[in-house]
Amino acid sequence: MNEFLPFVRPHIDEAAIAAVGEVLRSGWITSGPRVQEFEKQLSEYFGGRPVRTFNSGTCTMEIALRIAGIGPGDEVITTPISWVATANVILEVGATPVFADIDPVTRNIDLGKVEAAITPKTRAIIPVYLSGLPVDMDRLYDIARRHKLRVVEDAAQAIGSNWRGKRIGSFGDFVSFSFQANKNLTTSEGGCLVLNNLDEARLAEKYRLQGVTRSGCDGMEVDVLGGKFNMTDIAAAIGLNQLPQLEAITARRHQLARHYFATFGADFEKQTGVQLPMADFRQSNWHMFQIVLPEGIVRAGFMEKMKAHNIGCGVHYPAIHLFRLYRERGFHEGMFPIAESVGRRIVTLPLFPAMTDTDVERVCAAVREALKN
Ligand SMILES: *Cc1c(COP(=O)(O)O)cnc(C)c1O
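Residues numbered from 1 in each chain as written. Predicted model: local features only at pLDDT ≥ 70, side-chain atom pairs only at ≥ 80, totals over all residues. Heavy atoms only, no water.

### Quick notes on the site of the ligand
Consideration 1: Residues in close proximity to the ligand total 16 residues, the closest being Gly57, Thr58, Asp154, Ser178 and Lys183.
Consideration 2: Between the ligand and Gly57 there is a distance of 2.7 Å, counted from an oxygen atom to a backbone nitrogen or oxygen.
Consideration 3: Ser178 is positioned such that a nitrogen or oxygen atom in its side chain is 2.7 Å from an oxygen atom of the ligand.
Consideration 4: Protein chains bury 93% of the 380 Å² of accessible surface belonging to the ligand in isolation.
Consideration 5: Looking at which element gives the most residues to the shell around the ligand, the answer is helix H3 (residues 57–67), with three residues.
Consideration 6: For the shell around the ligand, a count of residues per class yields five nonpolar, nine polar and two charged. (Near = heavy atom within 4 Å. Polar contact = N/O pair within 3.5 Å; in protein donor to acceptor, adjacent residues only side chain to side chain. Areas by Shrake-Rupley, 256 points an atom, 1.4 Å probe, with all protein chains shown as cover. Helix = DSSP H or I, 4+ residues; strand = E, 2+ residues; numbered from the N terminus. Nonpolar A, V, L, I, M, F, W, Y, C, P; charged D, E, K, R; others polar.)

Shown next as structure tokens:
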């Protein structure tokens, strides 16, 4: 029997382990020089825009909404196919989530449906780039401009992706990234926000640490209600190790994704009824390789069969509006049929840089087996 192949394994090298050891021995293990250096390098990476780090992608988005002044009475439009964090942060600031159905091909929010969902109460859009595939960014920002809406990009999965050659994060309004363990660049847990100016960056610093501003050697003032969301130097040391490797990580993910397409073969969709992901090798960072099973194949059964082949699969994601927390707020089956259907059938196959081409072939063979009868 082959060794167990998980759907993701973080890329941590000996240099990252040594860098963490160095922080632990330094006597300064919370936010300090590594965080500052990581923010500086991220800012360079994003074309000089201000960047602040946090301890999760979730609080990063929540803080962006707070900086934008979004709260009770405001509506925020987002996709039903995302990690539940994307919608939870809207509730967390007291605003009202409004969902727009997805495009079945990209599996991202359908911008035509976003425009149809705008009301006088709409204040912001949170698009998600599922698997790292961006939406039509020109159209997104055109909608935002025409309706005077803020954008909080949930680019949690999109570090290393681009739109027409421009890095995601190097343009736009607020752009939020996650460095959670499964992401292309990880700090174990963490996130960062790309902001528009230093006023926003200063506000972000307050929100991440109890609203505190320090001055002189003993001055302290608190004028906003902040929380506890700072990144540690332990996490930043891992990020500093990963950032220079990001290009190579993305390139390897592209190779593996191409190998999936080549191994499944051109007729795979016709033969099996499975929908492969969009074959985009220009903009996506290939954060995940996701297939949508045909109607009539029970996903849990399929995943059990994959597990019997010692292959782990993921589910990213069930439709958010069908969770009880959201049903209790009036959402129900039938409201976003494409998201509901995709949410029941989508499966994430293994994809991470340390995988071999042979691993991909093993997964493809197991998928074909698991689809039988
Ligand atoms: C990972 C992820 C988040 C949340 O990030 P955390 O760092 O886990 O808080 C939000 N949205 C999407 C789309 C994600 O993939």
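So much for the structure itself; the text now carries on.
### Quick notes on helix H1 (residues 14–26)
Consideration 1: For H1, spanning 13 residues, the distance from its first C-alpha to its last is 18 Å, which sits close to the expected 18 Å at 1.5 Å a residue.
Consideration 2: Along H1, the positions that sit buried rather than exposed are Ala16, Ala19, Val20, Gly21 and Val23.
Consideration 3: Those residues of H1 that are buried are in contact with helix H2 (33–45) and helix H8 (233–242).
Consideration 4: Immediately downstream of H1, the backbone of Gly27 shows phi near 90 degrees, a positive value. (Expected span 1.5 Å × (residues − 1). Buried < 20%, exposed > 50% of the residue type's maximum accessible area, 1.4 Å probe, protein only. Contact = heavy atoms within 4.5 Å.)

### Here we look at the pattern of salt bridges
Consideration 1: Counted by the stated rule, this structure contains 19 salt bridges.
Consideration 2: In this structure, Arg164 engages Asp138 in a salt bridge whose closest nitrogen and oxygen atoms are separated by 3.2 Å. Here Arg164 is found in the loop between strand E6 (162–163) and strand E7 (166–167), whereas its partner Asp138 is found in helix H6 (residues 137–147), with 26 residues between them in sequence.
Consideration 3: For the salt bridge of Arg150 with Asp173, the shortest nitrogen-to-oxygen distance reads 2.8 Å. Here Arg150 is found in strand E5 (residues 150–154), whereas its partner Asp173 is found in the loop between E7 and strand E8 (174–178), with 23 residues between them in sequence.
Consideration 4: When its relative accessible area of 24% is taken as the criterion, Arg150 is described as partly exposed. (Salt bridge = Lys/Arg side-chain N within 4 Å of Asp/Glu carboxyl O.)

### Side note on the sheet that holds strand E2 (residues 75–78)
Consideration 1: Taken in spatial order, the seven strands line up as E1-E9-E8-E5-E4-E2-E3 in an open sheet, and their pairing is mixed. Pairing within the sheet leaves two strands with one partner each, and these edge strands are strand E1 (51–54) and strand E3 (96–99). Shown here is a sheet whose adjacent strand axes are inclined to one another by a mean of 25 degrees, direction ignored.
Consideration 2: Inspection of the sheet shows E8 paired to strand E9 (residues 191–194) by four bridges, in the antiparallel sense. Within E9, the position partnered with Phe177 by the bridge is Cys192. (Pairing = 2+ DSSP bridges. Axes fitted to C-alpha atoms, helices over the stretch in contact; angles between N-to-C directions.)

### Notes on the packing of H3 against helix H4 (residues 85–92)
Consideration 1: Here H3 crosses H4 at 40 degrees, and the two axes come no closer than 9 Å. With respect to each other, H3 and H4 are oriented oblique. For the pair H3 and H4, the sense of crossing is right-handed. Listed contacts from H4 to Thr58, Met61, Glu62, Leu65 and Arg66 of H3 are Ala85, Thr86, Val89, Ile90 and Glu92. (Parallel < 35°, antiparallel > 145°, perpendicular 65-115°, else oblique. Left-handed = near helix turned anticlockwise from the far one by under 90°.)

### With respect to the side chain of Glu75
Consideration 1: On the secondary structure map, Glu75 appears in strand E2.
Consideration 2: We note that Glu75 is buried and unpaired, the nearest opposite charge coming from Lys121 at a distance of 5.1 Å.
Consideration 3: A distance of 2.8 Å separates polar atoms of two side chains, one belonging to Glu75 and the other to Thr119.
Consideration 4: Apart from the residues lying within four places of it in its own chain, the contact partners of Glu75 are Thr96, Val98, Thr119, Lys121, Thr122, Arg123 and Ala124. (Lys, Arg positive; Asp, Glu negative; His and termini not counted.)

### What to know about the domain arrangement of the protein chain
Consideration 1: When its domains are assigned, the protein chain resolves into domain 1 (14–245) and domain 2 (246–370).
Consideration 2: Here the C-alpha centroids of domain 1 and domain 2 sit 25 Å apart.
Consideration 3: Taken together, the 41 residues of domain 1 in the interface contact 39 residues of domain 2.
Consideration 4: Summing both partners gives a buried area of about 3200 Å² for domain 1 against domain 2, and 58% of it is carried by carbon and sulfur.
Consideration 5: At the surface where domain 1 touches domain 2, the tally comes to zero salt bridges.
Consideration 6: Across the contact surface, domain 1 and domain 2 share 25 residue pairs in polar contact (both at pLDDT 80 or more).
Consideration 7: When residues of the side of domain 1 that touches domain 2 are traced back to their parent elements, those giving at least two are H4, E3 and E6.
Consideration 8: The dominant element in the side of domain 1 that touches domain 2, judged by the number of residues it contributes, is H4, at three residues. (Domains from an automatic or database assignment. Buried area = accessible area lost by both parts, 1.4 Å probe.)

### A closer look at the pairing of strand E10 (residues 212–215)
Consideration 1: Bridge count for E10 against strand E11 (residues 219–222) is four bridges, and the pairing is antiparallel. Opposite Thr213, over in E11, you have Glu221 as the bridge partner.
Consideration 2: Hairpin remark: E10 followed by E11, antiparallel, with three residues in the connecting loop; positive phi at Gly216, about 60 degrees.

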